[in-house]
Amino acid sequence: MSQEANPAPRSLAEALRARDDASLAALLRSRPDLIAPVPTDLTQLATRAGTRSSVLRALERLDRFALQTAEALAVAPDPASYRALLGLMAGDAGDETVAAALPRALATLREQALVWGDDERLRLVRTARELLAPSPQHPSPTGLGPTVHEAASGMSPGRIQEIVTTAGLASTHDSVSAVNALTALFTHRKKMARLLAKAPEGSLEVLSRLVWGPPYGQVTPEPAAHLRWLLDRGLLLPTAPGTVVLPREVALHLRAGRAHRETEPLPPAVEPAATHRPQVVDATAAGQAHTALATVEELLKDWDEGGPAVLRAGGLSVRDLKRTAVALDAPEPVAAFWVELAYAAGLLASDGEADERYAATPFYDEWLERPPAERWALLAGVWLTATRAPGLVGGRDAKDRTLSALGPGLDRSAAPEVRHRVLTLLAGLPAGAAPVPESILSRLHWERPLRGTAATPRPARDTPAAPAEDLRTRLARWTLTEAELLGVTGRGALSTHGRALLGAPAAGAGSPTGAAGPTGAVGVTGAGGPAGRGEPSGPDGPGDKLPVHHHHTSAPVPAAAPTATAPTTPLATAPAPLSAADQAAATATAARLLAPLLPEPLDHVLLQADLTAVAPGPLERPLAEMLGVLADVESKGGATVYRFTPGSVRRALDAGRTAADLHDFLARHSRTPVPQPLAYLIDDVARRHGHLRIGAASAYVRCDDDALLNEILADKRATALRLRRLAPTVLAAQTDPAALLEGLRAMGFAPAAESAEGDVLITRAHAHRTPPRTAPEPVPDGPPPPDATLLSAAIRAIRAGDLAATAPRKPVGTDPAAGELPRTSAAETLATVQAAVLTGDSLWIGYVNAEGAASQRVIAPVRVEGGFVTAYDHTADEVRTYPLHRITGVAELAGE
């Protein structure tokens, strides 16, 4: 049906009522908070769409040009025509790029129910106008001030008449017509040009300082002549004693009609900084992915016997984080990232004991059994969707408390969206291209100029002051650093398996980056570089105030200059994050692509004569686990060096291995002959191992060689153990068995612990695990986007409820528009319902459910029996049964 055939809507509810189901679905998909819970009808949907919190959330999701369009409508007359809006956006000289992009921006505002009405009567939702319109408390981002009508509202009629006369206008009989005449003068380009041509030079300089905002200035009680000239003609209007303002109409004339100093219809292009061969990028990323797996394994292996204690407020202490960083040979921010990643993946948690400590979870053992590519894909998939931001560790929250790793306060709901946008933008670059960081950040800021700006960063006390960045910018910088550490990118460019993680097409299949490219933002790092800590932030959340950008200038008033135009390309919509099922499929694809790039595990080492073993690559798990018990890691890198010591050999013997087992193990897995010093070391430690036995008395030492016991008693280092002889072959100690073991080992002996039955106790690695724990759930950024099933059901319910609310009814003594329910007696209700069963008519009823909630419905009764009426409920779109005693009254519809 043509637009002329439909009357112009008088409210947002009427505008929504004229939409089809596809348009309503688009609204609910872009603003999911509107269906939490599902509105009863379109009037309630329109009311909810105009609430302050919902409008703020919608404005925060606009790109810069759509937001500038809304800002222009906020300073335009209400309602405004499309022609007037185009004039505010493109200026008097026009701008082809702006003119081409404006329909898309306006369509976005209409789709999100921020603007309604036809092209001749565009209306910005009242709440959005209140947020974006200029006021002394909240200046407009446009830099414009109040209109002549608003600024002159407090002036005396005599003063207004004086201004009209001085400006060369005919005097009028009342203030309203005088203000209208002054407004007409200021909006007439030729008349204003003639008026300003007579202005003193100093007057134009004053106007040039106010034209782009802020529009307010200070004057003395006796202003100079050039200021008096402006005040006498209303080009400056007083707002308070000593304060004047530049009226909006005057500023727009001086700006050549433009509402914004710089209009940005197209997103900034992303510039490649360097281009590498895709094979190099994939190889670099795969190498870093292998390092990531080794780092997580090393972290959790170090915590196998119980990790650091949990702080009372939750999280790791600063000292424990430093120890972890030393153990991982990484900076503290990088160590915090690995700890948080393992926590988000459910590989570590607190054990819940009285002396609560962190340890690996049972899922860690299951994770270790998976192929390396699958293990990496799990970590990468978790990282992509996690809301915790490790970059905040070390900063301070709004209450000046330190934010600790694994502690509370690290969740940022914007983190998954930023990570996804960063990688999506990288996927739009040519294969192997790494972007310029600043162009990426500019692109991100264009896409969501208001997101994350409410949070004020709180730097750590020991960090030097740095320029504050908004939350999304810091998240973007951290994202690329973390992506490089994790192996999603290589040398700053997105890898093939990283592209698959997004579910993106192969490189080169997408559109080129620029106006039509996918959206996102990011910072960039070199391959394998340390993670940047960035600046910590306070909590992020939508504030009640929108950020204001003031423009200060002392330049003369600019003339309307032609704007250079660029080829117009429709802006592509940024792909939304994948659903859980699609993300699982994408993760599996990424694992399949990464698997051939990872190095094959080796089944051998190279033994050296200096009691070391060199692993020239990653080792098979059984070999790596056994070698980790038998030797200590001396250095890591492309090849890992292990060193054999008496303590490490004793550790293997404590784990239940015999000397023969160790000799056989080394002979089978070494490509070089077993060096004689290593064989002697194993035999020497094995000969002395278990000669002494430690048990619980509090503790005792048992040995068949009484001379050895005499040696221990005579050693001054044994004084702290407080030993005494109970028998020729037994010493008792006033300390626990563990302390006695450590004490004798420190003296150079090789004792073995034994059980109450006299059997040697075997100590095995990987003994401490937490109870089964689930990975932490991400903190949602508002209600999740509805799926197709929910959208369909919600729209059907809203349509049915709207039918019930708007159906014409016969008078029943109540006011339906006021929301009153029909009231009839029980006899009248029963008679009307029975008659409707016979005639097949529909009725309007008032109904109160068991919880006492009242509602009005349109039903078509089918039968009445046993005190119940069975009817087809148009509101619910299904057949229901209602108790008659809960029906407050009935009324016939005005027309069927």
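So, how was this worked out
- Residues numbered from 1 in each chain as written.
- Predicted model: local features only at pLDDT ≥ 70, side-chain atom pairs only at ≥ 80, totals over all residues.
- Heavy atoms only, no water.
- Phe/Tyr/Trp six-rings, centres within 6.5 Å; stacked < 30°, edge-to-face > 60°.
- Helix = DSSP H or I, 4+ residues; strand = E, 2+ residues; numbered from the N terminus.
- Buried < 20%, exposed > 50% of the residue type's maximum accessible area, 1.4 Å probe, protein only.
- Lys NZ or Arg CZ within 6 Å of the ring centre and 35° of its normal.
- Contact = heavy atoms within 4.5 Å.
- Pairing = 2+ DSSP bridges.
- Axes fitted to C-alpha atoms, helices over the stretch in contact; angles between N-to-C directions.
- 1 Å grid on protein atoms, 1.4 Å probe; cavity = no way out; pocket = protein on both sides within 12 Å on 5 of 7 lines; lining within 4 Å.
- Points joined across faces, edges and corners; volume = space filled by probe spheres on them.
- Nonpolar A, V, L, I, M, F, W, Y, C, P; charged D, E, K, R; others polar.
- Parallel < 35°, antiparallel > 145°, perpendicular 65-115°, else oblique.
- pLDDT = per-residue confidence, 0-100.
- Expected span 1.5 Å × (residues − 1).
- Core = buried A, V, L, I, M, F, W, Y, C linked by side-chain atoms within 4.5 Å.
- Polar contact = N/O pair within 3.5 Å; in protein donor to acceptor, adjacent residues only side chain to side chain.
- Salt bridge = Lys/Arg side-chain N within 4 Å of Asp/Glu carboxyl O.

**Q** How should I be thinking about the packing of aromatic side chains in this particular structure?
**A** Here the structure, examined in full by the defined rule, presents four aromatic pairs. Seen from their ring centres, Tyr-847 and Tyr-882 are 4.8 Å apart, and the 70° between their planes marks the pair as edge-to-face. Linking Tyr-847 in strand 21 (residues 843-848) with Tyr-882 in strand 24 (residues 878-883), this pair joins segments that are 35 residues apart in sequence. Both residues of the pair, Tyr-847 and Tyr-882, count as buried. Its guanidinium or amino end placed over the ring of Trp-367, Arg-375 lies 5.3 Å from that ring's centre, counting from NZ or CZ.

**Q** It is not clear to me how the environment of Val-837 should be interpreted in this structure. Could you clarify?
**A** Positionally, Val-837 belongs in helix 33 (residues 826-839). Residue classification places Val-837 among the partly exposed positions, given a relative accessible area of 26%. The contact partners of Val-837, leaving out residues within four places of it in the chain, are Pro-861, Val-862, Arg-863 and Val-864.

**Q** So what exactly am I meant to see when it comes to the sheet that holds strand 23 (residues 868-873) here?
**A** Within a sheet, each strand pairs with its neighbour through backbone hydrogen bonds, oriented either parallel or antiparallel. Taken in spatial order, the five strands of this open sheet run 24-23-22-21-25, and their pairing is antiparallel. In the strand order of this sheet, the two ends are held by strand 24 and strand 25 (887-892), each with one partner. Across the sheet, the mean angle separating the axes of adjacent strands is 45° when strand polarity is ignored. Strand contacts of helix 33: strand 21, strand 22 (854-865), strand 23 and strand 25, with the helix running at about 60° to strand 22, the strand carrying the most contacts.

**Q** I would appreciate a short explanation of empty space enclosed by the protein in the present structure.
**A** The method is simple in principle: a probe with the dimensions of a water molecule rolls over the atoms, and the space it marks as empty is what remains. For the structure shown, the criterion picks out five cavities of 30 Å³ or more. In this structure, the largest cavity occupies an estimated 90 Å³ of space. Every residue along the wall of the largest cavity is listed here: Phe-337, Glu-340, Leu-341, Ala-344, Trp-383, Ala-386, Arg-388, Pro-390, Arg-419 and Glu-482. Ranked by residues supplied to the lining of the largest cavity, first place goes to helix 18 (residues 332-344) with four residues. Taken together, the residues of the lining of the largest cavity break down into six nonpolar, no polar and four charged.

**Q** For this particular structure, what's the right way to read unusual backbone geometry?
**A** The step from Ala-36 to Pro-37 runs through a cis peptide bond, and the omega angle for that step is 0°. Positionally, Pro-37 belongs in the loop between helix 2 (21-30) and helix 3 (42-49). The omega torsion of the bond from Asp-78 to Pro-79 falls at 0°, within 30 degrees of zero and hence cis. Following the sequence through the fold, Pro-79 ends up in the loop between helix 5 (64-75) and helix 6 (82-90). In this structure, Ala-113 takes a positive phi of about 60° despite not being glycine. Judged by its relative accessible area of 0%, Ala-113 is buried. Residue Ala-256 is not a glycine yet carries a positive backbone phi of 60°. Along the chain, the position of Ala-256 falls in the loop between helix 15 (248-254) and strand 6 (272-275). By relative accessible area, which is 10% here, Ala-256 ends up buried.

**Q** Teacher, can you tell me more about the packing of helix 26 (residues 621-630) against helix 27 (residues 646-654) here?
**A** A pair of packed helices is characterised by two quantities: the angle between their axes and the separation of those axes. Relative orientation of the contacting elements helix 26 and helix 27 amounts to 120°, with a least axis distance of 7 Å. In terms of their interaxial angle, helix 26 and helix 27 are classed as oblique. Counting all contacts with helix 26, which are made through Met-626, Gly-628, Val-629 and Leu-630, the residues of helix 27 involved are Ser-648, Val-649, Arg-651 and Ala-652. Grouping the constituent residues of the contact of helix 26 with helix 27 by class yields five nonpolar, two polar and one charged.

**Q** Please explain the confidence of the model for the protein as it appears in this structure.
**A** As a general rule, the predicted coordinates of low-pLDDT regions are not to be interpreted in detail. Looking at the protein as a whole, its pLDDT mean stands at 82, while 85% of the residues score no less than 70. Note that pLDDT drops below 50 for residues 508-573; the model gives that stretch 194 contacts with residues more than four away or on any other chain. Overall, residues 813-818 carries pLDDT values under 50, and its contacts beyond four positions in sequence, including any with other chains, amount to eight contacts.

**Q** What is the right way to look at helix 32 (residues 788-806) in this model?
**A** For an α-helix, 3.6 residues make a turn, and residues three or four places apart therefore share a direction. Over its 19 residues, helix 32 extends 27 Å from the first C-alpha to the last, a length consistent with the 27 Å expected when each residue adds 1.5 Å. Inspection of helix 32 places Leu-791, Ala-794, Ile-795, Ile-798, Ala-800, Gly-801, Asp-802 and Ala-804 among the buried residues, and these make up the whole buried set. Packed against the buried residues of helix 32 are helix 1 (12-17), helix 2, helix 3 and strand 22.

**Q** Sorry if this is basic, but what is going on with the nonpolar core here?
**A** When a protein is soluble and globular, its nonpolar side chains tend to lie buried together. One finds Leu-59, Leu-235 and Leu-236 to be the most contacted residues of the largest nonpolar core, which totals 95 residues. A total of eight residues in this core trace back to one element, the largest contributor, which is helix 5. Core analysis: the second largest hydrophobic core is formed by 78 residues, Leu-347, Ala-377, Trp-478 and Val-488 among them.

**Q** It is not clear to me how the side chain of Thr-142 should be interpreted in this structure. Could you clarify?
**A** Along the chain, Thr-142 falls in the loop between helix 8 (126-132) and helix 9 (148-151). A polar atom in the side chain of Thr-142 sits 2.7 Å from the side chain of Ser-140. Excluding its chain neighbours within four sequence positions, the residues that come into contact with Thr-142 are Glu-71, Val-75, Trp-212, Arg-255, Ala-259 and His-260.

**Q** I'm lost on the sheet that holds strand 5 (residues 243-245) in this one. Help?
**A** Taken in spatial order, the three strands line up as 3-5-4 in an open sheet, and their pairing is antiparallel. At either margin of the open sheet sits one strand with a lone partner, and together these are strand 3 (216-218) and strand 4 (237-240). Within the sheet, the average angular offset between the axes of one strand and its neighbour, ignoring direction, is 40°. By the bridge criterion, three bridges tie strand 4 to strand 5 in an arrangement that is antiparallel. The residue of strand 5 that forms the bridge with Ala-240 is Thr-243.

**Q** Honestly, the pattern of salt bridges in this entry has me stumped. Any pointers?
**A** Side-chain pairs of opposite charge can arise where the charged atoms are in close proximity. Considering all chains together, one arrives at 37 salt bridges under this definition. As a salt-bridge pair, Asp-397 and Arg-401 come within 3.0 Å of each other at their nearest N and O atoms. Its relative accessible area of 13% is what places Asp-397 among the buried residues. Where Arg-472 meets Glu-417, a salt bridge forms, and the shortest distance between an N and an O atom there is 3.6 Å. With a gap of 55 residues between them, Arg-472 in helix 23 (residues 471-486) and Glu-417 in helix 21 (residues 415-427) connect regions that are remote in the sequence. Arg-472 gets classed as buried once you look at its relative accessible area, which sits at 1%. With relative accessibility at 14%, the residue Glu-417 sits in the buried group. Each of Glu-417, Arg-421, Arg-443, Glu-447, Arg-448 and Arg-472 takes part in salt bridges that share partners, so that together they form one network.

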